Amino acid sequence: MNKKFISFIVKKYLKFDKTQPFISISFILAFLGIMTGVGVLIIAMSIMNGMDKEFEKKLTIMNYPITIYSKFNGAITDSYLHKLEKKYPNLKFSPYIQTSAIIKKNQMNGVILYGVDFNIEKNINPIFAKAIQNIKYKKFDVVLGKRLFDDIGIVKNDKVIMIFSSSDPYGIDVAPRMKKVRVISYFHSGLNAYDKGIAYMPIEGLKVILRKTHYTGIHVYSKTPFKDIKRLQQDLPFGVGVIGWWQQNGNFFAALKMEKRALFLVLLLIIVVASLNIIGSLLMMIMNRRKEIALMMSLGASKKEIRVIFFRLGLVVGVLGILAGITLGGIGIWALNTFDFISLPADVYGTTKIPTDLSLVDFSLIVLGAFIVIMLSSIYPAKKASEVDILTTLRFE
């Protein structure tokens, strides 16, 4: 093949033709369509990844990377906790007691109450650590979520009545256990369900109230939870289970993953529609330049060279559109990170700003998918160009 000849013809056909402006305009529309499709895909995938990471971050903190739980009372004891701490020095363990309770102050609000060692818990939960920073606490003090704290309408160090789900015999009847506690602070996770439904109390105080000597479970902090959970599963005694944060929210993340795939396929259709303009533009060019094609073939140009010329024409328009789309997507991500175009409700999404995070995998899939669509769109017109009948065309046209 004569590469110089091919390059010369491609450059000539890419120039704006004043005699046939519709063909050039069609190429421009195809370029703009591909640019828009790629740019929107990059921005959309970046936002989806950012939201996933934001939810993952919130859920990891409040649900903890790994949780060891008791299947029946008395299964998790101090001896088992010491055994884990000795065998896995790279992990951080925070034992807890879990119970349901009602907080009474002008109105009643139900919460899930965790009894934890405040000194240990703050090392694995930065949100909780921020809530008790520089605060002295006693064994019957409580830390609430910010939403619940605001709903009750109290200030720090106010006292409230806490009614527990456990009960005590009272004459010929039973009465729920109650305790007046002091609210010393509040935590703010950014997720409404946690900020309204969870409270913390020193574990020594909850042990006294519930008259327990064992634990409900153990929160485990791990940098590699997917690996460490397999190691912990090998040392589980009877009546003890272990679960990861991704298993606790499996349906939620499965739905996000499916939504992301569906969004990718839908937005890819923008590129597919834009590629139809490439097909139409190339076919119009072939019909208008049949005489030139026939003349080039009669002067020695091979069918393969003709195919390459028109295939490269479609490829150049498409690749330029992809590069422009990448630039557009990059500008869009920068703008979202720099300016507050949209303010999100924090209690729903966990953040007020649209988070973005474009992964290399998603970027590669977008570029590769767009490139494949463009290549497929250029094959048919290139094939039709090489099938021009030289004799008939030169004779009648």
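Note that the structure is predicted; figures quoted are calculated from it, not measured.

A.B. asks: Please set out the packing of aromatic side chains residue by residue, giving values where relevant.
C.D. replies: Counted according to the given criterion, the structure contains 8 aromatic pairs. On the numbers, 5.8 Å between centres and 50 degrees between planes, the contact of Phe 72 with Phe 238 is tilted. Separated by 166 residues along the polypeptide, Phe 72 in the loop between strand E1 (66-70) and helix H3 (78-87) and Phe 238 in the loop between helix H9 (225-233) and strand E9 (240-244) bring together distant segments of the chain. Accessibility expressed as a relative area gives 74% for Phe 238, which makes it exposed. When the ring of Phe 118 is compared with that of Phe 128, the centres are 4.9 Å apart and the planes differ by 85 degrees; the resulting orientation is edge-to-face.

A.B. asks: Give a description of the layout of surface pockets that names residues and reports values.
C.D. replies: Estimated volume of the largest pocket: approximately 280 Å³. Around the largest pocket, the lining comprises 17 residues; the ones closest to its centre are Tyr 13, Lys 15, Ser 24, Phe 27 and Met 285. Counting only elements with at least two residues in the lining of the largest pocket, the list comes to helix H1 (3-14), helix H2 (21-63), helix H11 (250-288) and helix H13 (303-338). A total of 5 residues in the lining of the largest pocket trace back to one element, the largest contributor, which is H2. For the lining of the largest pocket, the class distribution of residues is 10 nonpolar, 3 polar and 4 charged. Space inside the second largest pocket adds up to approximately 210 Å³. Taken together, the elements giving at least two residues each to the lining of the second largest pocket come down to H2 and H11. Across the lining of the second largest pocket, the residue classes break down as 2 nonpolar, 2 polar and 6 charged.

A.B. asks: Report on H1, specifying residues and quantitative values.
C.D. replies: A rise of 1.5 Å per residue sets the reference length of H1, with its 12 residues, at 16 Å; its end C-alpha atoms lie 16 Å apart and thus fit the reference within 8%. All of the buried residues in H1 are Ile 6, Ile 9, Val 10 and Tyr 13. One side of H1 carries all its buried residues, which in axial view fall inside an arc of 100 degrees. Facing away from the buried side of H1 by more than 90 degrees, the exposed set consists of Lys 4, Phe 8 and Lys 11. Check the buried side of H1 and you find it contacts H11, helix H12 (290-298) and H13.

A.B. asks: Account for the pairing of strand E4 (residues 141-145), naming residues and giving values.
C.D. replies: The element E4 is largely enclosed, with a buried count of 5 among its 5 residues. One ladder, built from 2 bridges, connects E4 with strand E7 (residues 198-202); its direction is antiparallel. Residue pairing across strands places Leu 144 opposite Ala 199, the latter belonging to E7.

A.B. asks: I'd like a rundown of the nonpolar core, residues and numbers included.
C.D. replies: Within the largest apolar cluster, 43 residues are counted, with the highest numbers of intra-cluster contacts made by Val 38, Leu 41, Ile 293, Ile 306, Ile 309, Phe 310 and Leu 313. Among the secondary structure elements, those contributing two or more residues to this core are H1, H2, H11, H12, H13 and helix H15 (360-386). Beyond its immediate stretch of four places on either side in the chain, Leu 313 contacts Val 10, Tyr 13, Leu 14, Leu 282 and Met 285.

A.B. asks: I'd like to hear about the side chain of Asp 195, residue by residue, with values.
C.D. replies: With respect to the element layout, Asp 195 can be found in helix H7 (residues 192-197). Buried charge without a partner: Asp 195 forms no salt bridge, and the closest opposite charge is Lys 146, 7.8 Å away. Within the local environment of Asp 195, its side chain forms a polar contact with the side chain of Ser 189, the two groups lying 2.8 Å apart. Residues within four places of Asp 195 in sequence aside, it is in contact with Gly 145, Lys 146, Arg 147, Leu 148, Phe 187, His 188, Ser 189 and Gly 190.

A.B. asks: Could you give an account of empty space enclosed by the protein, naming the residues involved and the relevant values?
C.D. replies: Empty space among the atoms becomes visible once a probe the size of a water molecule is rolled across them. The full count for this structure, using the stated rule, is 1 cavity of 30 Å³ or more. Computed from the structure, the largest cavity encloses a volume of approximately 30 Å³. Broken down by class, the residue content of the lining of the largest cavity amounts to 5 nonpolar, no polar and 2 charged.

A.B. asks: Go over the packing of H11 against H13, please, and point to the residues and values.
C.D. replies: The interhelical angle for the contact between H11 and H13, taken along N-to-C directions, is 140 degrees, at an axis separation of 10 Å. The crossing of H11 and H13 is right-handed. The segment H11 lies against H13, with Ile 278, Leu 282, Met 285 and Ile 286 engaging Phe 310, Leu 313, Gly 314 and Gly 318.

A.B. asks: Go over the pairing of E1 with me, naming the residues and quoting the values.
C.D. replies: Counting buried residues along E1, 4 of its 5 residues qualify, which places the element largely inside the surrounding structure. Here 4 bridges tie E1 to strand E8 (residues 217-221), and the two strands are oriented antiparallel to one another. Counterpart to Ile 66 in the pairing with E8 is Val 220.

Rules and cut-offs
Residues numbered from 1 in each chain as written. Predicted model: local features only at pLDDT ≥ 70, side-chain atom pairs only at ≥ 80, totals over all residues. Heavy atoms only, no water. Phe/Tyr/Trp six-rings, centres within 6.5 Å; stacked < 30°, edge-to-face > 60°. Helix = DSSP H or I, 4+ residues; strand = E, 2+ residues; numbered from the N terminus. Buried < 20%, exposed > 50% of the residue type's maximum accessible area, 1.4 Å probe, protein only. 1 Å grid on protein atoms, 1.4 Å probe; cavity = no way out; pocket = protein on both sides within 12 Å on 5 of 7 lines; lining within 4 Å. Points joined across faces, edges and corners; volume = space filled by probe spheres on them. Nonpolar A, V, L, I, M, F, W, Y, C, P; charged D, E, K, R; others polar. Expected span 1.5 Å × (residues − 1). Arc of directions from axis to C-beta. Contact = heavy atoms within 4.5 Å. Pairing = 2+ DSSP bridges. Core = buried A, V, L, I, M, F, W, Y, C linked by side-chain atoms within 4.5 Å. Lys, Arg positive; Asp, Glu negative; His and termini not counted. Salt bridge = Lys/Arg side-chain N within 4 Å of Asp/Glu carboxyl O. Polar contact = N/O pair within 3.5 Å; in protein donor to acceptor, adjacent residues only side chain to side chain. Axes fitted to C-alpha atoms, helices over the stretch in contact; angles between N-to-C directions. Left-handed = near helix turned anticlockwise from the far one by under 90°.

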